[in-house]
Amino acid sequence: MTRIVLMSGSLRRDSVNSTAVATIRRLLARRDPGVHTPVLDLRALPYYDQDLDVADGPAPVAEARRVLGSADALVISTPSYNGGAPGVLKNALDWLSRPWGDSALTGLPTALLSASPGPRGAADAQPGLRVNLECSGAVLIGHPPLALGDVEALPRTDQGFADPSVVGLLEELTDAVWAARRASVTHLPGLPAGEGELRPAAV
């Protein structure tokens with residue numbers, strides 16, 4: 001089973017980025033009905049505290065690291081604030097990229113989407129966040145930097161964006177993610193063999 005983890009840098013369920021995540025999830029399911037696409041809930045992660053960053057950290061952090069450890073790829077959709085990432089996403093990366101040398105992101109193919117309500121979103125593909133991800137060991141997927149601007153007013157449904165032009169762009173992103181995904185581990189860490197098995201995916 002292919003497992004592609006999704007992450008939204010916005011906590012609003014009706015935000016542009018949450019809608020983008022829902023669209024990508026739908027496109028991945030259309031490509032392969034058996035694909036597993038868990039959405040990492042950043043609200044469950046406590047505020048980063050270096051004193052708590054021992055072993056796997058607090059239980060929500062350990063679970064997030066476990067999910068990423070069994071992932072074939074990661075897709076992050078995030079708003080941009082004057083070229084910077086939102087605090088909730090930075091907090092998540094602080095937890096996931098440490099301890100140094102044992103980052104949950106090491107070797108993980110990662111795609112980054114910048115989606116913002118205003119026109120500036122289309123010009124900002126989060127260059128600073130890309131550097132942070134590379135320093136955390138993530139392998140950035142080599143598609144052209146993808147950014148969506150002025151998408152707040154576009155038609156949306158429970159399954160994501162309905163505008164064909166936006167769906168087409170996100171389909172290009174999912175194609176790149178699918179091509180770059182890595183083969184899964186044989187079973188999820190922390191589970192006995194035979195439970196939650198993941199079979200290697202053809203790349």
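See the structure above.
All figures in this text were calculated on a predicted structure; none of them were measured in a lab.

Caption draft 1: Up close: the pattern of salt bridges. Counted according to the given criterion, the structure contains 4 salt bridges. Between Asp 175 and Arg 31 there is a salt bridge, with its nearest N and O atoms 2.2 Å apart. Highlighted residues: Asp 175 in helix 5 (residues 164-180) and Arg 31 in helix 1 (residues 16-31), separated in sequence by 144 residues.

Caption draft 2: Structural view of the nonpolar core. Counting 26 residues, the largest nonpolar core has Met 7, Leu 40, Leu 68, Leu 74, Leu 105 and Leu 133 as the members making the most contacts within it. Looking at this core, the elements that each hand over two or more residues are strand 1 (4-8), helix 2 (59-69), strand 3 (73-78), helix 3 (87-96) and helix 4 (127-135). Here the element with the most residues in this core is helix 3; it accounts for 5 residues. When residues no more than four places from it in sequence are discounted, the contact partners of Leu 40 are Val 5, Leu 6, Met 7, Ala 64, Val 67, Leu 68 and Leu 96. Formed by 25 residues, the second largest nonpolar core is a distinct cluster that contains Val 75, Leu 146, Val 166 and Val 177.

Caption draft 3: Region of interest: the packing of aromatic side chains. Per the counting criterion, the structure on display carries 1 aromatic pair. Pairing Tyr 48 with Trp 95 gives two aromatic rings, centres 4.9 Å apart and planes at 75°, and the pair type is edge-to-face. One end of the pair, Tyr 48, is in the loop between strand 2 (39-40) and helix 2; the other, Trp 95, is in helix 3, and 47 residues separate them in sequence. Trp 95 carries the same exposure label as Tyr 48, and that label is buried. In this structure, Arg 181 is placed above the aromatic ring of Trp 178, and the distance from its NZ or CZ to the ring centre is 4.0 Å.

Caption draft 4: Summary view of the side chain of Ser 10. Among the structural elements, Ser 10 can be located in the loop between strand 1 and helix 1. Engagement of the side chain of Ser 10 in a polar contact is seen with the side chain of Ser 15, the distance being 3.1 Å. Setting aside anything within four residues of it in sequence, one finds Ser 10 in contact with Ser 15, Asn 17, Ser 18 and Pro 79.

Caption draft 5: Region of interest: helix 3. Of the positions making up helix 3, those classed as buried are Leu 89, Asn 91, Ala 92, Leu 93, Trp 95 and Leu 96. Considering only its buried residues, helix 3 is in contact with strand 1, strand 2, helix 2, strand 3 and helix 4.

Caption draft 6: Just helix 5, in detail. The end-to-end C-alpha distance of helix 5 is 24 Å, a good match for the 24 Å that 17 residues give at a rise of 1.5 Å each. Every buried residue of helix 5 is listed here: Val 166, Val 167, Leu 170, Leu 173, Thr 174, Ala 176, Val 177 and Trp 178.

Thresholds applied
Residues numbered from 1 in each chain as written. Predicted model: local features only at pLDDT ≥ 70, side-chain atom pairs only at ≥ 80, totals over all residues. Heavy atoms only, no water. Salt bridge = Lys/Arg side-chain N within 4 Å of Asp/Glu carboxyl O. Helix = DSSP H or I, 4+ residues; strand = E, 2+ residues; numbered from the N terminus. Core = buried A, V, L, I, M, F, W, Y, C linked by side-chain atoms within 4.5 Å. Buried < 20%, exposed > 50% of the residue type's maximum accessible area, 1.4 Å probe, protein only. Contact = heavy atoms within 4.5 Å. Phe/Tyr/Trp six-rings, centres within 6.5 Å; stacked < 30°, edge-to-face > 60°. Lys NZ or Arg CZ within 6 Å of the ring centre and 35° of its normal. Polar contact = N/O pair within 3.5 Å; in protein donor to acceptor, adjacent residues only side chain to side chain. Expected span 1.5 Å × (residues − 1).

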